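# Examination of the molecular architecture
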Amino acid sequence: MSNPATPPRSLAEALRARDDASLAVLLRARPDLITPVPTDLTQLATRAGTRASVLRALERLDRFALQAAEALAVAGDPASYQELLGLMAGDGGDPAVAGELPRAVAALRDQALVWGDDDRLRLVRTAREVLAPSPQHPSPTGLGPTVREATSGMSPGRIQEIVAAAGLPSTHDSVSAVDALTKLFGHRKKMAKLLAAAPAESREVLSRLVWGPPYGQITPEPAAHLRWLLDRGLLLPTAPGTVVLPREVALHLREGRAHREPEPTPPAVEPAAAHRPQVVDATAAGQAYTTLATVEELLKDWDEGGPAVLRAGGLSVRDLKRTAVALDVPEPIAAFWVELAYAAGLLASDGEADERYAATPAYDEWLDRPPAERWAQLAEAWLTATRTSGLVGGRDAKDRALSALGPGLDRSAAPEVRHRVLTLLAALPEGTSPTADSVLARLRWERPLRGPQQHGDDLRTRLARWTLSEAELLGVTGRGALSAHGRVLLGAPAVEKTPEQAAEPSGPGDKLPVRHHHLSPALEPLAPPEQAVATAAAGRLLAPLLPEPLDHVLLQADLTAVAPGPLRRPLADALGVLADVESKGGATVYRFTPASVRRALDAGQTAADLHAFLATHSRTPVPQPLAYLIDDVARRHGHLRVGAASAYVRCDDDTVLNEIMADKRASGLRLRRLAPSVLATQADPAALLEGLRAMGYAPAAESAEGDVLITRAHAHRTPPRTAPEPVPDGPPPPDSTLLAAAIRAIRAGDLAATTPRKSAGAAVRGGELPRTTPAETLATMQAAVLTGDTLWIGYVNAEGTASQRVIAPIRVEGGFVTAYDHTADEVRTYPLHRVTGVAELAQE
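Notes on the structure follow. Nothing here was measured: the structure is a model prediction, and the numbers come from that model. (Residues numbered from 1 in each chain as written. Predicted model: local features only at pLDDT ≥ 70, side-chain atom pairs only at ≥ 80, totals over all residues. Heavy atoms only, no water.)

### What about the overall build of the protein?
- Counting its secondary structure elements, the protein contains 34 helices and 25 strands.
- A separation of at least 24 residues holds for 67% of the contacts in the protein among residues at least 6 apart in sequence.
- About 40,800 Å² of surface is accessible on the protein, with carbon and sulfur atoms providing 55% of the total. (Helix = DSSP H or I, 4+ residues; strand = E, 2+ residues; numbered from the N terminus. Contact = heavy atoms within 4.5 Å. Areas by Shrake-Rupley, 256 points an atom, 1.4 Å probe, with all protein chains shown as cover.)

### Concerning the pattern of salt bridges
- Inspection of every chain in the model, using the stated rule, returns 36 salt bridges.
- A salt bridge links Glu204 to Arg208, with the shortest nitrogen-to-oxygen separation between them at 3.7 Å. Highlighted residues: Glu204 and Arg208, both in helix α13 (residues 200–209), separated by 4 residues, approximately one helical turn.
- The class for Glu204 is partly exposed, based on a relative accessible area of 41%.
- A relative accessible area of 55% means that Arg208 is categorised as exposed.
- Here Arg420 makes a salt bridge to Glu446, at a shortest N to O gap of 2.6 Å. Of the two residues, Arg420 sits in helix α21 (residues 414–426) while Glu446 sits in helix α22 (residues 436–446), which places them 26 residues apart along the sequence. (Salt bridge = Lys/Arg side-chain N within 4 Å of Asp/Glu carboxyl O. Buried < 20%, exposed > 50% of the residue type's maximum accessible area, 1.4 Å probe, protein only.)

### Structural notes on a negative patch on the surface
- Together, Asp652, Asp653, Asp654 and Glu659 make up a region of like negative charge exposed at the surface.
- Of note, Asp652 is situated in the loop between β17 (647–650) and α31 (654–662). (Patch = residues over 30% accessible without salt bridge, like charges linked within 9 Å, V, L, I, M, F, W, Y side chains within 5 Å. Lys, Arg positive; Asp, Glu negative; His and termini not counted. Charge placed at Lys NZ, Arg CZ, Asp CG, Glu CD.)

### As for the packing of helix α28 (residues 594–602) against helix α30 (residues 624–636)
- The N-to-C vectors of α28 and α30 enclose an angle of 60°; their axes lie 10 Å apart at closest approach. As far as their axial angle goes, α30 and α28 are oblique. Considering the relative orientation of α28 and α30, their crossing is right-handed. Each of Pro594, Val597, Arg598 and Leu601 in α28 lies in contact with α30, whose residues at this interface are Leu629, Ile630, Val633 and Ala634.
- Taken together, the residues of the contact of α28 with α30 sort by class into 7 nonpolar, no polar and 1 charged. (Axes fitted to C-alpha atoms, helices over the stretch in contact; angles between N-to-C directions. Parallel < 35°, antiparallel > 145°, perpendicular 65-115°, else oblique. Left-handed = near helix turned anticlockwise from the far one by under 90°. Nonpolar A, V, L, I, M, F, W, Y, C, P; charged D, E, K, R; others polar.)

Below is the structure:
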């Protein structure tokens, strides 16, 4: 074991010196390190240094912590804290940088990207390789190679020429010459004197290279001002025609700063407008009701089987356009509603040979729930889904079109970005909406991209923009501000209001004073059980704000009915059969037509039923034109009978049949007369019904017994389908139980790997399992039972996997040893024939 007072010599030793709480912070921040659980701390350190794990950790640093890591990558190895502070704050110092740098270094240490004491800070080697400058991968700092690196292939004579031109005494070897040149470039006063003698054109060249990229092109015969820089080593050749500004020179010109603009503090989220909280909640509730109506309309339109599934999966462009027209929204919004229903498990493919999309059985259960609970289910599905409707219409990495409900729409970062955007809104004063640009700037600071940003069009920026618009569509926000039920959905506590505040009017309130509600910006996503509780609470908070369904309509003389608000479900369903929706908005307008009345009669209603229904549910008298329309359609309904012959038409009035036969529009039906009152055709009954209705008749289907066949709407449902599972962004964060077990196992394995062993008959070299004969193993086990010693054993399980364990034997009998296993932290029994060897651990 290493002495705690001795500086660690490796990352493994630094991890070994940590307590359990510090290890838990590391494993929670980097869950990929315990998938699977390492056998000991050496393996944990090795895994923490792999390229994939380091890249993932770097991508989750905020901008200032990443800048600190970039500065360490261009500093010495190891570097002192003061050297790092100088690179971050510059020669003149910066109080903000000095105040925040300890936090950044602590964050790098917590994630095992930096180890060592403050006087010997070391960046993990893989991180240094990723962040250090090279001709192929310029440093994010814009710095180039050091003088030593840039002169590594230069002849000794040329190096001595540079040293002499720079005004330094000649040396006997290249190493000391390079050291002298490095010290000169790092000396502020001497460098200032040297540059003061430079031509103005030379200083202009340096100013163009100082903040990067540090590489430039020259001709075989450089101009005099370039030759002046080359002679003194202020520019060094790296390849034919290419020169570089050495790192030490650039740092002098930058006054010691590694970055042009250190960003120690995150940019503030700026308010765009302030509204009364009541206005925000009412607006969001209105949009929440629109969400429910839109999803119901979508699935009602697909009730008898929706669009076909493409061979590659998803909706065709044509079907998405039809859906957008039916919902009266743009296509991207239609894609959002379709994906929302899919994410909530209300929509799926039916899995049949002629595969189509349809509602799932869960949709019927969803319809039976109260409106607020239905909205809460949709909101939770949106918050946690990785499917991203904003990608619809784009192209994937293989240049294939991305379609709604199709593959390729999962983005694992989507739930985190949605949660973070809403958390930033929750941290604003209640009722305040932010500017979109300030939200995006804050997110870019919290998760900066490594490498050039494509004009703010990176995935996280697009996800954030989509989140702001989708939250408004869904009713999580109102007028751009987070609503009360949206705040609770996020897991934040509801804002307590005084009786005076609760009684405030809910009229327009732009630019009014607001009550501040500060929330920690570190609000974490909830675990599924906690999210379910928060979702239910959000639904309860929303319920009083949703409009009460009405049980009446207003009939008008122009064959329309006006619903002044949402209708109760039985009334809305019945009216949807009897009339067609003509317009939507604050009030829905229904229009009665002969076709819609016939639809109600086909569904089994009689004229008397329809008159009674309208009289019961209308606040105005039933207009005479509507009564005449119902009676006229009912009188003609069923006058013609259609059956299977393949199909036939029968009618007591042969004059009607003569008219049908003489009509040119009936030629496609290929009718022939079987009897004075019967016509037959090879078409199926459904096609015959449609054909006659297109000609203006009102036929009724009949059964084989001759009775009128009542055709009710057929609701097509898929087999039971579960909602799509989100695609995780790497391993999920471990819970406390898993963390405790993993740390216990790692500690025990490390004890087995690092505890000194007593020298015995079988020599054990570091890292190897002990090897002893069965007799030696049995004798050592029996002796340990008597003395209470702890042993180190090699063990091979039934699957043939070898491992090492630290055990304290309790009993040896019947070919088995019962012992307390420090690795598993429990009492276990092991067959002696599977123990490959045993060694005694040296006493402390």
